[in-house]
Amino acid sequence: MVPVDDTALSVTDSRGPGRPVVYLNGSYADRRPWRPVIAELGADWRHITFDERARGRSRRSADYSFEACLRDIDAVLEATGVERPLLVGWSYGAALAAHWAERNPDRVLGVVCIDGAIPYGLTGEEGRERIRRLFRRMRLLLPLVRPFGMAARMSADQHADINIEANEINAAVAPVLDRVTCPVRYVLATGASLGGGQEEMELMRTSLDPVLARNPDIKVSAKVASNHSKVLRKDFRAIADAVRETAAAHDRRAR
């Protein structure tokens, strides 16, 4: 348990001999979905996973903001003694990875973004109300899926607040990506997702194209068949390949 602010985070460190990989979860998920990726990469890497505030085994907090989540990354790195991690983020975690890398260019080896950190989001009052309606409809379901790592120990309104902030951050992420100087590799899913149809999700993913054209350090490693929710479980091999590709890109640059 790693103390930070008014809470404590449940952290696991494999202490493997290789490069440290820090995995950043989706908005409400715990660390369990990373197991297939970790198994595919194997014991030669150092795998660090943790549950965000009020997710999994971590404790509740009075602050569930994006900035708090960025501070949590610093706390985990300090506790594990890791100086230059490779950050692998899924969905919300991808945005965290991109922002942390942009703010700490000398402390990051590279970033893998899995269907996240894409310059698209539901913003404005219409977008915020759409998100609030979605989570109000889900309020009875959230406690049922929580034991499976699919919801946080929060109210429906708190879930909605996180999602609203995440959409605003993603909508404004392009300048952040333009300033990132480490190797970044994307794994993009296909298909529909909770709260978004297939056409809307594809529009979201194509919004990344101008960033790819401007920043040569950012590339798409793979576009896979599974959707946003199932990508870690079904396309773990493509994600592991992206991790290896990112590490290799860093090594080529360091020579």
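These figures come from a predicted structure and were not determined experimentally. (Residues numbered from 1 in each chain as written. Predicted model: local features only at pLDDT ≥ 70, side-chain atom pairs only at ≥ 80, totals over all residues. Heavy atoms only, no water.)

1. Structural notes on the overall build of the protein
Part 1 of the reasoning: Of regular secondary structure, the protein possesses eleven helices and nine strands.
Part 2 of the reasoning: Radius of gyration (C-alpha) of the protein: 17 Å, near the 18 Å computed for a compact globule of 255 residues.
Part 3 of the reasoning: In terms of its C-alpha atoms, the protein occupies a principal-axis envelope of roughly 55 × 40 × 30 Å.
Part 4 of the reasoning: Sorting the 255 residues of the protein into buried and exposed places 57% on the buried side.
Part 5 of the reasoning: Here the analysis covers contacts within the protein between residues at least 6 apart in sequence; of these, 77% occur between residues at least 24 apart.
Part 6 of the reasoning: For the protein, the exposed surface amounts to about 11400 Å²; the carbon and sulfur share of it is 51%.
Part 7 of the reasoning: Where the 38 positive side-chain charges of the protein centre and where its 34 negative ones centre are 5 Å apart. (Helix = DSSP H or I, 4+ residues; strand = E, 2+ residues; numbered from the N terminus. Rg over C-alpha atoms; globule rule 2.2 N^0.38 Å. Buried < 20%, exposed > 50% of the residue type's maximum accessible area, 1.4 Å probe, protein only. Contact = heavy atoms within 4.5 Å. Areas by Shrake-Rupley, 256 points an atom, 1.4 Å probe, with all protein chains shown as cover. Lys, Arg positive; Asp, Glu negative; His and termini not counted. Charge placed at Lys NZ, Arg CZ, Asp CG, Glu CD.)

2. Re empty space enclosed by the protein
Part 1 of the reasoning: Tallied over the entire structure, the rule returns one cavity of 30 Å³ or more.
Part 2 of the reasoning: Taken as a whole, the largest cavity holds about 60 Å³ of empty space.
Part 3 of the reasoning: Forming the walls of the largest cavity are Tyr 23, Leu 24, Asn 25, Gly 26, Ser 27, Phe 50, Glu 52, Arg 55, Tyr 92 and Leu 96.
Part 4 of the reasoning: Grouping the constituent residues of the lining of the largest cavity by class yields five nonpolar, three polar and two charged. (1 Å grid on protein atoms, 1.4 Å probe; cavity = no way out; pocket = protein on both sides within 12 Å on 5 of 7 lines; lining within 4 Å. Points joined across faces, edges and corners; volume = space filled by probe spheres on them. Nonpolar A, V, L, I, M, F, W, Y, C, P; charged D, E, K, R; others polar.)

3. Here we look at the environment of Pro 143
Part 1 of the reasoning: Along the chain, Pro 143 falls in helix H5 (residues 142-145).
Part 2 of the reasoning: As a C-alpha pair, Pro 143 and Ser 155 span twelve residues in sequence and 9.1 Å in three-dimensional space.

4. Some remarks on the nonpolar core
Part 1 of the reasoning: Counting residues in hydrophobic clusters, the biggest one holds 62 residues, and the most contacted among them are Ile 73, Leu 96, Val 111, Leu 177, Val 184 and Tyr 186.
Part 2 of the reasoning: Ranked by residue count, the leading element in this core is helix H3 (residues 92-103), at eight residues.
Part 3 of the reasoning: With residues up to four places along the chain from it excluded, the contact list for Leu 96 reads Leu 24, Phe 66, Cys 69, Leu 70 and Ile 73.
Part 4 of the reasoning: Listed in part, the 26 residues of the second largest apolar core include Trp 34, Val 112, Ile 239 and Val 243. (Core = buried A, V, L, I, M, F, W, Y, C linked by side-chain atoms within 4.5 Å.)

5. Concerning the state of the cysteines
Part 1 of the reasoning: For the structure on display, the rule yields zero disulfides.
Part 2 of the reasoning: Looking at the unpaired Cys 69, the closest cysteine sulfur is the one in Cys 113, lying at 16 Å.
Part 3 of the reasoning: For Cys 69, a relative accessible area of 1% gives the class buried.
Part 4 of the reasoning: Counting only cysteine sulfurs, Cys 113 is the nearest neighbor of Cys 182, a cysteine outside any disulfide, at a range of 8.8 Å.
Part 5 of the reasoning: Of the residues examined, Cys 182 reaches a relative accessible area of 5% and is grouped as buried. (Disulfide = S-S within 2.5 Å.)

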